[in-house]
Amino acid sequence: MPELPEVETVRRTLEPVLTGRTLKRVAIEDGRLTRPYDPVHIAAELQGERVSAVDRRGKYLILRFASGRALLVHLRMTGSFHVDEEPSHERAVATLDDRTRVSYRDVRRFGTWLLLEPDEVAPYLDAKVGEEPFDALFTVAHLGERIRKRKAPIKSALLDQRTLAGLGNIYTDEALWWARIHPLRPAESLERDEVRHLHRAIRRALERGIKRQGADLGDGVYRGGRMQKEFKVYGREGEPCDRCGTPIAKTRLGGRGTWFCPTCQAARASSVPARSRRQSSV
Ligand SMILES: [Zn+2]
């Protein structure tokens, strides 16, 4: 499932194609995309809209129109955009005023297109997603506030899009490795220093992902990224930890694979002095 780095890469690809262009013709061939609204009606509403900006909020891609309306696209599991291609599993296609063909493909059909009126956009997003991780408003104190008093595992708290926007399974595991925090630690048990490390680690993991244009997991859904070659833990069960050489372990949390280093991310790392921690884990 595309996370912030992948959606940001899609945004950067679409921005020069769509900005300033008018949607001349729109066809939506899958009712699930616009549910509960009629796809024919939504397609008709989109026709004639001029794109003023292509934004992103968390994992939402936002086509902002000159009219003030916005189309919120969530790629979910398998959604993707294709420019001047005719991919299989095409669910919608827009022809621009310069004749560019922008196609939306979605094999598993979990993606959504939601057209919002000008006054609906901000309230909708604010209810769904927390701060952007690179926004100045996302501070250490803010992160601490969001996870304090939460008994859930820290990984679950980070996957909750209201804690902060944009993390999914991959970058949460990566961020927790950078922060040396066990994914199953209760969120409320994190100490001040650990929250500070985690804050930096989240930005670091996402920044690396964006720089490498996301992760191409070889399933044909998201293509072209290089992040998969540099994962520290995700999908690396049994391979040595880059930091300490311990084989990476895998567990499950809420049905998702979860990878971590059992040494660097010891279950109660913070309560054990660094030296004895190393000795006890060997
Ligand atoms: Zn390690």
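This structure is a prediction, so every number in the text was calculated from the model and none was measured.

## Digging into the nonpolar core
- Counting 36 residues, the largest nonpolar core has Leu143, Ile147, Ile154, Leu158, Leu198 and Ile202 as its most contacted members.
- Elements represented by at least two residues in this core include exactly α5 (140–147), α6 (154–159), α7 (169–179) and α8 (192–211).
- Ignoring sequence-local partners within four residues, the contact set of Leu158 consists of Leu143, Leu164, Leu167, Thr172, Leu176, Leu198 and Ile202.
- Among the nonpolar cores identified, the runner-up in size contains 29 residues, and Leu33, Leu46, Leu96 and Val102 belong to it.

## Let's talk about the packing of aromatic side chains
- As enumerated under the stated definition, the model contains 7 aromatic pairs in all.
- Here the aromatic rings of Trp177 and Trp178 are separated by 5.0 Å at their centres, their planes lie at 80 degrees, and the arrangement is edge-to-face. In this pair, the class of Trp177 matches that of Trp178, namely buried.
- Of the aromatic side chains, those joined through ring pairs into one cluster are Phe81, Tyr104 and Trp113.

## A look at the pairing of strand β9 (residues 249–253)
- Relative to strand β10 (residues 256–260), β9 runs antiparallel, the two being bridged by 5 bridges. Within β10, the position partnered with Thr251 by the bridge is Thr258.
- Between β9 and β10, which follow one another and run antiparallel, lie 2 residues, and Gly254 among them has a positive phi close to 55 degrees.

## Concerning the sheet that holds strand β4 (residues 70–74)
- Read from one edge to the other, the open sheet built from 4 strands follows the order β2-β3-β4-β8, with strand pairing classed as antiparallel. The open sheet has two edge strands with one neighbour each: β2 (51–57) and β8 (112–116). Pairs of neighbouring strands in the sheet enclose a mean axial angle of 20 degrees, with direction left out of account.
- With 5 bridges connecting them, β4 and β8 associate as antiparallel partners. Each bridged residue has a counterpart across the sheet, and for Leu72 the counterpart in β8 is Leu114.
- Seen against the sheet, helix α4 (residues 121–128) touches β2, β3 (60–65), β4 and β8 and runs at an angle of roughly 170 degrees to β3.

## A look at unusual backbone geometry
- Omega for the peptide link from Arg35 to Pro36 comes to 5 degrees, which places this bond in the cis form.
- Tracing the chain through its elements places Pro36 in the loop between α2 (31–34) and α3 (39–46).
- For Arg76, which is not glycine, the phi dihedral falls at a positive 50 degrees.
- Counting through the fold element by element, Arg76 comes out in the loop between β4 and β5 (79–83).
- Located in the positive-phi region is Asp84, a residue other than glycine, with phi close to 55 degrees.
- With respect to the element layout, Asp84 can be found in the loop between β5 and β6 (90–96).

## Describing the pattern of salt bridges
- Within the structure shown, the criterion is met by 27 salt bridges.
- Linking Asp97 and Arg21 is a salt bridge whose minimum nitrogen-to-oxygen distance equals 2.6 Å. Separated by 76 residues along the polypeptide, Asp97 in the loop between β6 and β7 (101–106) and Arg21 in the loop between α1 (4–18) and β1 (23–28) bring together distant segments of the chain.
- Because the salt bridges share partners, they merge into one network encompassing Glu8, Arg11, Arg12, Glu15, Arg56, Arg57 and Glu132.

## Here's the deal with the packing of α5 against α8
- Axis separation between α5 and α8 bottoms out at 9 Å; the angle between their running directions is 110 degrees. Comparing the axis directions of α5 and α8 gives the class roughly perpendicular. Residue-level contacts link Val140, Leu143, Gly144 and Ile147 of α5 to Val195, Arg196, Leu198, His199 and Ile202 of α8.
- In terms of residue class, the contact of α5 with α8 is made up of 6 nonpolar, 2 polar and 1 charged.

Scoring rules and cut-offs
Residues numbered from 1 in each chain as written. Predicted model: local features only at pLDDT ≥ 70, side-chain atom pairs only at ≥ 80, totals over all residues. Heavy atoms only, no water. Core = buried A, V, L, I, M, F, W, Y, C linked by side-chain atoms within 4.5 Å. Buried < 20%, exposed > 50% of the residue type's maximum accessible area, 1.4 Å probe, protein only. Helix = DSSP H or I, 4+ residues; strand = E, 2+ residues; numbered from the N terminus. Contact = heavy atoms within 4.5 Å. Phe/Tyr/Trp six-rings, centres within 6.5 Å; stacked < 30°, edge-to-face > 60°. Pairing = 2+ DSSP bridges. Axes fitted to C-alpha atoms, helices over the stretch in contact; angles between N-to-C directions. Salt bridge = Lys/Arg side-chain N within 4 Å of Asp/Glu carboxyl O. Parallel < 35°, antiparallel > 145°, perpendicular 65-115°, else oblique. Nonpolar A, V, L, I, M, F, W, Y, C, P; charged D, E, K, R; others polar.

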